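# Fold and contact review
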Amino acid sequence: MDIKPVSFKRVSREESASFDRSTIGYIQNAAAHGLYEIRGMGAKRKLPHFDDLLFLAGSLSRYPLEGYREKCVTKTILGTRFAKKPIELDIPITIAGMSFGALSANVKESLGRAATAMGTTTTTGDGGMTPEERNSSKTLVYQCLPSRYGFNPDDVRRADAIEVVIGQGAKPGGGGMLLGQKVNPRVAKMRTLPQGVDQRSACRHPDWTGPDDLAIKIQELRELTDWEKPIYVKVGATRTFNDVKLAVHAGADVVVVDGMQGGTAATQTCYIEHIGIPTLAAVRQAVDALEDLNMKGQVQLIVSGGIRSGADVAKALAMGADAVAIGQGILYALGCNSETYIQDGKHISALEGYDALGTQPGFCHHCHTGKCPVGVTTQDSVLEQRLQPDVGARRVKNYLKTLNMELTTIARACGKQNVHHLEREDLVALTLEAAAMARIPLAGTSWIPGHNGY
């Protein structure tokens, strides 16, 4: 009997690594519209991060502290180099610069209240200082950005510290961006802009072309504030070793280094995903620069970009940071990407708003649209009421309190009576990439890839 061959219809389900569905979608969207994508938040690609490090807690060779009866100090002082009035914080966790314009006035008031309750600082962001923010913040850092939008010398004097922003982690080398749909009459007046017109600010300050000129600008700011206020210099993490050195040379009291996991209200996706270096690598280079200048302890280091938990804070401090700044984590604490918002103590569904944006809770990065379904990143007069200051302040306070509890718990487990006594010796790395970037031994070995002669 003849046996006929059976024919099979082969349906391939193998996805290309180089041209996966996301890449194909990007190409087709570019072909259809001739425009690059603009979005908010931070990098979505997986990067070496603090999750790739582990602590070595006390046992026999190290003596842990008892959690409830032995104190662990969290006091943090910033700006001890030149300022007459350094900043004294109860915790080494600060709130990063996020502008009124990117965020609503209710949110800015929430942040001020929460920071005051926890004994820490919040930061203005682009576009100037609002009364809501100044009145609710015991300690407020005033940002000086390339745009000069809303910059007011009187507000500089009313601030407690000044942060000169050279760049931020989500878009180093790129200027600020606030799309027209968020430029309402109040924002337009503060920034001296036409209402409804996109704000695309300069990528570099008009007042200087290099670090020597920056030194002059810092001197001007010191004279403006009678040498009272600490001067921070913030850089997006790229050539971090040299940038930190130059910031110190220019006279910074505090250097803020923002890794590429940092967020933004709006910028090109190609910036977010393809420019800068991970926070883990940036911390190591920043500390190296301070140690090379023998300025560790004289100039304080604040690290930001993807800090999420008390464990992240502890690892940043162990690597040599004096404090951290948190942006995206604060937004999530406020309710960003939540399914509901709270009105009169009741949770109300926000799913319809997410659906209108073509997204879902947990995936939303549409801060640039001004249509935030939970009222965080909006200037819409109706949407902004979905987050009331008392609710936002309570949530952010709880978040910061939790982070600080986790930080001290880890420090005690490592036998530290002060969170600033955490050190690199307390850490090991889980991956070759993290070990090499952080210059920390691979777990179970004494090997630091690229730093032990092989």
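Residues numbered from 1 in each chain as written. Predicted model: local features only at pLDDT ≥ 70, side-chain atom pairs only at ≥ 80, totals over all residues. Heavy atoms only, no water.

Turning our attention to the overall build of the protein chain. The helix and strand tally for the protein chain stands at 14 helices and 18 strands. Scaling as 2.2 N^0.38, a compact globule of 454 residues should have a C-alpha radius of gyration of about 22 Å, and the protein chain matches this with 23 Å. Each principal axis of the C-alpha atoms in the protein chain carries an extent, and together these give about 100 × 60 × 50 Å. Considering only intrachain contacts with a sequence separation of at least 6, the fraction spanning at least 24 residues in the protein chain is 67%. Total accessible area on the protein chain is roughly 21400 Å²; 52% of this is exposed by carbon and sulfur atoms. Separation between the mean location of the 51 positive side-chain charges and that of the 48 negative ones in the protein chain comes to 2 Å. (Helix = DSSP H or I, 4+ residues; strand = E, 2+ residues; numbered from the N terminus. Rg over C-alpha atoms; globule rule 2.2 N^0.38 Å. Contact = heavy atoms within 4.5 Å. Areas by Shrake-Rupley, 256 points an atom, 1.4 Å probe, with all protein chains shown as cover. Lys, Arg positive; Asp, Glu negative; His and termini not counted. Charge placed at Lys NZ, Arg CZ, Asp CG, Glu CD.)

On to unusual backbone geometry. Backbone geometry at Thr-192 places phi at a positive 55°, although glycine is not the residue there. Topologically, Thr-192 is positioned in the loop between α5 (185-191) and β10 (199-200). The exposed category is assigned to Thr-192, whose relative accessible area is 71%. Of note in this structure, Asp-226 is not a glycine but carries a positive phi near 55°. Assignment of secondary structure puts Asp-226 in the loop between α6 (211-224) and β11 (231-236). (Buried < 20%, exposed > 50% of the residue type's maximum accessible area, 1.4 Å probe, protein only.)

The UniProt record marks residues 80-338 and 364-416 with the feature "domain: Glutamate synthase" (unreviewed entry), using the residue numbering of this structure. Secondary structure content for residues 80-338 is 36% helix and 17% strand, while the C-alpha to C-alpha distance between its ends is 40 Å. (UniProt positions renumbered as here; feature names shortened; annotations may be inferred.)

So, on to the packing of aromatic side chains. In this structure the tally under the stated criterion is two aromatic pairs. For the ring pair Phe-82 and Trp-227, a centre distance of 6.5 Å and an interplane angle of 90° mean the geometry is edge-to-face. Taken together, the positions of Phe-82 in the loop between β3 (76-78) and β4 (87-89) and Trp-227 in the loop between α6 and β11 put the pair 145 residues apart, joining distant regions of the chain. Among the residues examined, Phe-82 registers a relative accessible area of 39% and is labelled partly exposed. A relative accessible area of 31% means that Trp-227 is categorised as partly exposed. Sitting over the face of the ring of Phe-100, Arg-186 holds its NZ or CZ atom 4.7 Å from the ring centroid. (Phe/Tyr/Trp six-rings, centres within 6.5 Å; stacked < 30°, edge-to-face > 60°. Lys NZ or Arg CZ within 6 Å of the ring centre and 35° of its normal.)

Applying the stated criterion across every chain, the model contains zero disulfides. Of the cysteine sulfurs around Cys-270, a residue in no disulfide, the closest is that of Cys-203, at 14 Å. (Disulfide = S-S within 2.5 Å.)

Here the focus is the environment of Ser-16. Looking at the element boundaries, Ser-16 is found in the segment before α1 (21-33). Overall, the relative accessible area of 33% leaves Ser-16 in the partly exposed class. Considered as a pair, Ser-16 and Pro-449 are 433 residues apart in the sequence and their alpha carbons are 31 Å apart.

Our next topic: the pairing of strand β16 (residues 340-343). Both β16 and strand β17 (residues 346-349) contribute to a ladder of four bridges, which runs antiparallel. From the neighbouring strand, Ile-342 faces β17, where its bridge partner is His-347. Taken together, β16 and the strand that follows it, β17, pair antiparallel across an intervening segment of two residues, in which Asp-344 is found at a positive phi of about 55°. (Pairing = 2+ DSSP bridges.)

All right, on to the pattern of salt bridges then. Tallied over the full model, the rule gives 29 salt bridges. One salt bridge connects Asp-207 with Lys-217, and the closest N-O pair in it is separated by 3.1 Å. Here Asp-207 is found in the loop between β10 and α6, whereas its partner Lys-217 is found in helix α6, with ten residues between them in sequence. Since its relative accessible area comes to 33%, Asp-207 is described here as partly exposed. The closest approach of N and O atoms between Lys-416 and Asp-426, which form a salt bridge, is 3.4 Å. One end of the pair, Lys-416, is in the loop between α13 (389-413) and β18 (427-429); the other, Asp-426, is in the loop between α13 and β18, and ten residues separate them in sequence. Given the relative accessible area of 4%, Asp-426 is considered buried. (Salt bridge = Lys/Arg side-chain N within 4 Å of Asp/Glu carboxyl O.)

This next bit is on the sheet that holds strand β15 (residues 323-326). Strand order across the open sheet formed by eight strands is β5-β15-β14-β12-β11-β8-β7-β6, with parallel pairing between neighbours. This sheet does not close on itself; its edge strands, each paired only once, are β5 (93-95) and β6 (122-123). Strand direction decides the pairing type here: β11 and strand β12 (residues 254-258), joined by five bridges, are parallel. Pairing of Lys-234 across the sheet is with Val-256, part of β12. Contacting β8 (161-165) and β11, α6 runs over the sheet at an angle of about 145° to β11. (Axes fitted to C-alpha atoms, helices over the stretch in contact; angles between N-to-C directions.)

Counting residues in each nonpolar core, the largest one holds 92 residues, and the members touching the most others are Leu-53 and Ile-330. For this core, the element with the most residues is helix α9 (residues 279-292), which contributes eight residues. Residues within four places of Leu-53 in sequence aside, it is in contact with Leu-280, Lys-315, Met-319, Leu-427, Val-428, Ala-429, Ala-434, Ala-438 and Ile-440. (Core = buried A, V, L, I, M, F, W, Y, C linked by side-chain atoms within 4.5 Å.)

Viewed as axis vectors pointing N to C, helix α7 (residues 240-250) and α9 meet at an angle of 45°, and their least axial separation amounts to 8 Å. Viewed along their axes, α7 and α9 adopt a mutual orientation that is oblique. Between α7 and α9 lies a crossing of right-handed hand. Across the interface between the two elements, Thr-240, Phe-241, Val-244, Lys-245 and Val-248 of α7 pack against Ala-282, Gln-285, Ala-286, Asp-288, Ala-289, Leu-290 and Asp-292 of α9. In terms of residue class, the contact of α7 with α9 is made up of seven nonpolar, two polar and three charged. (Parallel < 35°, antiparallel > 145°, perpendicular 65-115°, else oblique. Left-handed = near helix turned anticlockwise from the far one by under 90°. Nonpolar A, V, L, I, M, F, W, Y, C, P; charged D, E, K, R; others polar.)

The next thing to look at is a nonpolar patch on the surface. Taken together, the side chains of Phe-19, Ile-24, Tyr-26 and Ile-27 define a hydrophobic patch exposed on the protein surface, amounting to about 420 Å² of accessible area. Here Ile-27 shows up in helix α1. (Patch = residues over 30% accessible without salt bridge, like charges linked within 9 Å, V, L, I, M, F, W, Y side chains within 5 Å.)

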